[in-house]
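# Coordinate inspection notes
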Amino acid sequence: MCGIVGAVDRRDVTSTLTEGLRRLEYRGYDSCGIAVLQQGALRRVRSVARVASLAAEVAEANLSGMIGIAHTRWATHGAPVTRNAHPIFSSGEIAIVHNGIIENHEALREELGVLGYVFESDTDTEVVAHLIHHAWKKQGGEHESDLLSAVRHALERLHGAYAIAVFASSDPGRVIGARAGSPLVVGLGEQGNYLASDVMALAGTVENFIYLEEGDIAELTLDGVRVVDRAGHAVQREIKLQRSSTSAVELGPYRHYMHKEIFEQPSVIADAIENVHTITADLFGAGARHAFREIDSLLIVACGTSYYAGMTAKYWFESLAKVPAQVEVASEYRYRSSVASPNTLVVVVSQSGETADTLAALKHAQSQGHRHTLAICNVASSTMMRQAQFQHLTSAGPEIGVASTKAFTTQLVALFLLALTLSKQRGRLPAAQEAAFLDQLHRLPAKLNSVLALETQIVAWAEAFARTEHALFLGRGLHYPIALEGALKLKEISYVHAEAYPAGELKHGPLALVTSQMPVVTVAPNDALLDKLKSNMQEVRARSGQLYVFADADSRIASGDGLRVIRMPEHYGSLSPILHVVPLQLLAYHTACARGTDVDKPRNLAKSVTVE
Ligand code: F6R
């Protein structure tokens, strides 16, 4: 969370910084700011408005300079007010932007107070600014090469996570970046050198990147980039070429990224399976073939929507491959004392590959003795992909809307391929069945298009949902996690309170909430549980609840009093959850639009949750 950018350039840096922030805004949007060195002085503009208005404020303030840093904030310490917006200054001499959390900030704040530092913000970041200033002054201060070592000494005092960019007023040619626990890349260009939280921030500016490693500190000047490790020893880091198209992050004809991303699902899924013509462990990286043979169980760890993908896949692993699977929320697993089994495959699922809890859970699993780990992730260069033993890229392309949509369905495709792989390795996937599943996968994009064609009917339902404050979602079996995902989508972007239950649980408590005012969304595929589900629907109807049912064409559920039906295509077997989640995404999207919320940037949330 929070996005940072830094630049040392032969040209004015303000447009590179504001454009970088615009592309990083998905990481947090409580406030934003930019600081440059202008005529020997630190100058900054900070705002609680969106990045779009920052550029105008920067122009109005005549801000310009050849070095600078910028930040878009997801508030942790301190309210989202201008005073707490970054860049943060120390003594008018040091400027810093920070992504992460400093856990020992209170003790450091006291110590710095005794040294005479006066705090102007409530942020944990300000202690880092003052620590750097203090270290810099202590070692003589004015000499230009001192800034890197001042930063290094200050960082030694920190507990927690950070990615920072720093410059000093008396050092006009240098920006220092450092990371531990939060992502930071260095971009190398002809006109200058840059720092950013992710490569997309610099797309179109540079194509050569260094992915800083844990504890790295980088010094950027116009002459080049020097990287040292925590101990201050020079280290060589590989330079990677990464050409990113800026069109992938443009909105095109859509009003919101979420809408664009929902409609991209057929094409990104087609891309993801384009070259999959046989089921093989090689889809998960070199060595997977051998390692997967040893596997006798799965532990899937993730957060939020990615966790629901794992929950859905549990049904596939157990029914298709007969491999027991356990699914855990990463923030719980990482602190739980659990029993590791050397033959368990730990699967971390994440869109960003930077979610702090999931990364920590992966580390925890490894430290507990789990030998085999697999990352299913949408960002090839992410920390998670680098830290897991095996990797599978979901290929959804950049997902900008905070609410995850295409990342979820591509995760499901990847997890389904994993279930088929384990099934085949265990002799449970006859060739004819493999061919049938592959055929079904390749026809999935066309099926998704027919679900997307239901949009107009869903818009009509959304009008009703926009007027409600509560909703229940029901599903059974493979589709219970889809009901959970539908409820999560609705609450996070439209702020309608929504809860999901396995339909059979309703009578054990939540049925008390059902009145004629309660919309009850029901995921009703024509699977083995349909008759049971129909009984649960009757329980709702008998209490005047308002049923909104997404039924397969062959589910034989007719509209009636208190029962509205949108008819999906015919039942799609094991892959049905991938179809059934799409109308729930659209329902949440159109409800949010009708309520006038900020769909792509819902309140209090951010895309990449890089803090605990
Ligand atoms: C919900 C949503 C979040 C993320 C969660 C994990 O729409 O996007 O619940 O799924 O924060 O993020 P990743 O997948 O990046 O680890």
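Residues numbered from 1 in each chain as written. Predicted model: local features only at pLDDT ≥ 70, side-chain atom pairs only at ≥ 80, totals over all residues. Heavy atoms only, no water.

The name an unreviewed UniProt entry assigns to the protein chain is Glutamine--fructose-6-phosphate aminotransferase [isomerizing], from the organism Paraburkholderia graminis. Its UniProt record gives the protein chain the following Function (unreviewed entry) comment, quoted word for word: "Catalyzes the first step in hexosamine metabolism, converting fructose-6P into glucosamine-6P using glutamine as a nitrogen source." Per its UniProt entry, the protein chain bears the Subcellular location (unreviewed entry) comment "Cytoplasm". (UniProt positions renumbered as here; feature names shortened; annotations may be inferred.)

## Overview of the nonpolar core
Residues Phe292, Phe317, Val347 and Phe473 are the most contacted members of the largest nonpolar core, which totals 92 residues. There are two domains that each give this core at least three residues, and those are domain 2 (251–448) and domain 3 (454–612). (Core = buried A, V, L, I, M, F, W, Y, C linked by side-chain atoms within 4.5 Å. Buried < 20%, exposed > 50% of the residue type's maximum accessible area, 1.4 Å probe, protein only. Domains from an automatic or database assignment.)

## Things to note about the packing of helix H4 (residues 125–138) against helix H5 (residues 146–156)
For the pair H4 and H5, the least separation of the axes is 8 Å and the interaxial angle reads 125 degrees. Here H5 runs oblique to H4, going by the angle between their axes. The hand of the H4/H5 crossing is right-handed. Between H4, through Leu131, Ile132, Ala135 and Trp136, and H5, the contact on the second element is made entirely by Asp146, Leu147, Ala150, Val151, His153 and Ala154. Counted by class, the contact of H4 with H5 contains 8 nonpolar, 1 polar and 1 charged residues. (Axes fitted to C-alpha atoms, helices over the stretch in contact; angles between N-to-C directions. Helix = DSSP H or I, 4+ residues; strand = E, 2+ residues; numbered from the N terminus. Parallel < 35°, antiparallel > 145°, perpendicular 65-115°, else oblique. Left-handed = near helix turned anticlockwise from the far one by under 90°. Contact = heavy atoms within 4.5 Å. Nonpolar A, V, L, I, M, F, W, Y, C, P; charged D, E, K, R; others polar.)

## Considerations on the pattern of salt bridges
Pairing of side chains with opposite charge becomes possible as their charged atoms draw close. A complete count under the given rule lists 30 salt bridges for this structure. With a shortest N-O distance of 3.5 Å, Arg595 and Glu469 are connected by a salt bridge. Of the two residues, Arg595 is situated in helix H18 (residues 576–595) and Glu469 in the loop between helix H15 (455–465) and strand E20 (470–475); the sequence distance between them amounts to 126 residues. Each of the salt bridges in this network shares a partner with another, and the network as a whole consists of Glu19, Arg22, Arg23 and Glu250. (Salt bridge = Lys/Arg side-chain N within 4 Å of Asp/Glu carboxyl O.)

## Observations regarding the site of the ligand
Of all residues adjacent to the ligand, which total 15 residues, the nearest are Ser306, Ser350, Gln351, Thr355 and Glu492. Between the ligand and Ser350 there is a distance of 2.6 Å, counted from an oxygen atom to a side-chain nitrogen or oxygen. At 2.7 Å, a backbone N or O of Gln351 approaches an oxygen atom of the ligand. In the complex, the protein chains occlude 89% of the 400 Å² of accessible area that the ligand would expose alone. For the shell around the ligand, the secondary-structure elements that each account for two or more residues are helix H9 (304–321) and helix H16 (480–494). (Near = heavy atom within 4 Å. Polar contact = N/O pair within 3.5 Å; in protein donor to acceptor, adjacent residues only side chain to side chain. Areas by Shrake-Rupley, 256 points an atom, 1.4 Å probe, with all protein chains shown as cover.)

## Section: the sheet that holds strand E3 (residues 41–47)
Within a sheet, neighbouring strands are paired by backbone hydrogen bonds and run either parallel or antiparallel to one another. Strand order in this open sheet of 8 strands is E3-E2-E4-E1-E10-E9-E11-E14, and the pairing throughout is antiparallel. Looking at the sheet topology across the chains shown, the edges are occupied by E3 and strand E14 (240–241). Bridge count for strand E2 (residues 31–38) against E3 is 7 bridges, and the pairing is antiparallel. If you follow Gln38 over to E3, its bridge partner there is Ala41. The strands touched by helix H1 (residues 14–24) are strand E1 (3–9), E2, strand E4 (67–73) and strand E10 (192–196); relative to E1, the strand with the most contacts, the crossing angle is about 160 degrees. Packing against the sheet, helix H2 (residues 51–60) makes contact with E2, E3 and E4, and its axis sits at approximately 140 degrees to E3. (Pairing = 2+ DSSP bridges.)

## Quick notes on the side chain of Glu219
Inspection of the secondary structure puts Glu219 in strand E12 (residues 217–221). Owing to a relative accessible area of 8%, Glu219 belongs among the buried residues under this scheme. A polar atom in the side chain of Glu219 sits 3.0 Å from the side chain of Arg174. In this structure Glu219 touches Leu148, Arg174, Val175, Ile176, Gly224, Val225 and Arg226, once residues within four positions along its chain are discounted.

## Focus: the side chain of Asn99
With respect to the secondary-structure elements, Asn99 resides in strand E6 (residues 94–102). The exposure class of Asn99 is buried, given its relative accessible area of 0%. The contacts of Asn99, once residues within four sequence positions are left out, are Met1, Cys2, Ile4, Arg27, Ala161, Tyr162, Ala163, Ser182, Pro183 and Thr610.

## Thoughts on the UniProt feature "domain: SIS" (unreviewed entry) in the protein chain
Under the UniProt annotation, the feature "domain: SIS" (unreviewed entry) is placed at residues 288–428 and 461–602. Secondary structure across residues 461–602 comprises 37% helix and 20% strand; the distance between its end C-alpha atoms is 21 Å.

## Details of the sheet that holds strand E22 (residues 519–524)
Spatially, E21-E20-E22-E23-E24 is the arrangement adopted by the 5 strands of the open sheet, whose pairing is parallel. For this open sheet the edge positions go to strand E21 (497–502) and strand E24 (563–567), each flanked by a neighbour on one side alone. Put simply, the sheet's adjacent strands are angled 20 degrees from each other on average, direction ignored. As paired elements, strand E23 (residues 546–551) and E24 share 5 bridges and run parallel to each other. Within E24, the position partnered with Val549 by the bridge is Val565. Against the sheet, H15 engages E20, E22, E23 and E24, with an angle of about 155 degrees to E23.

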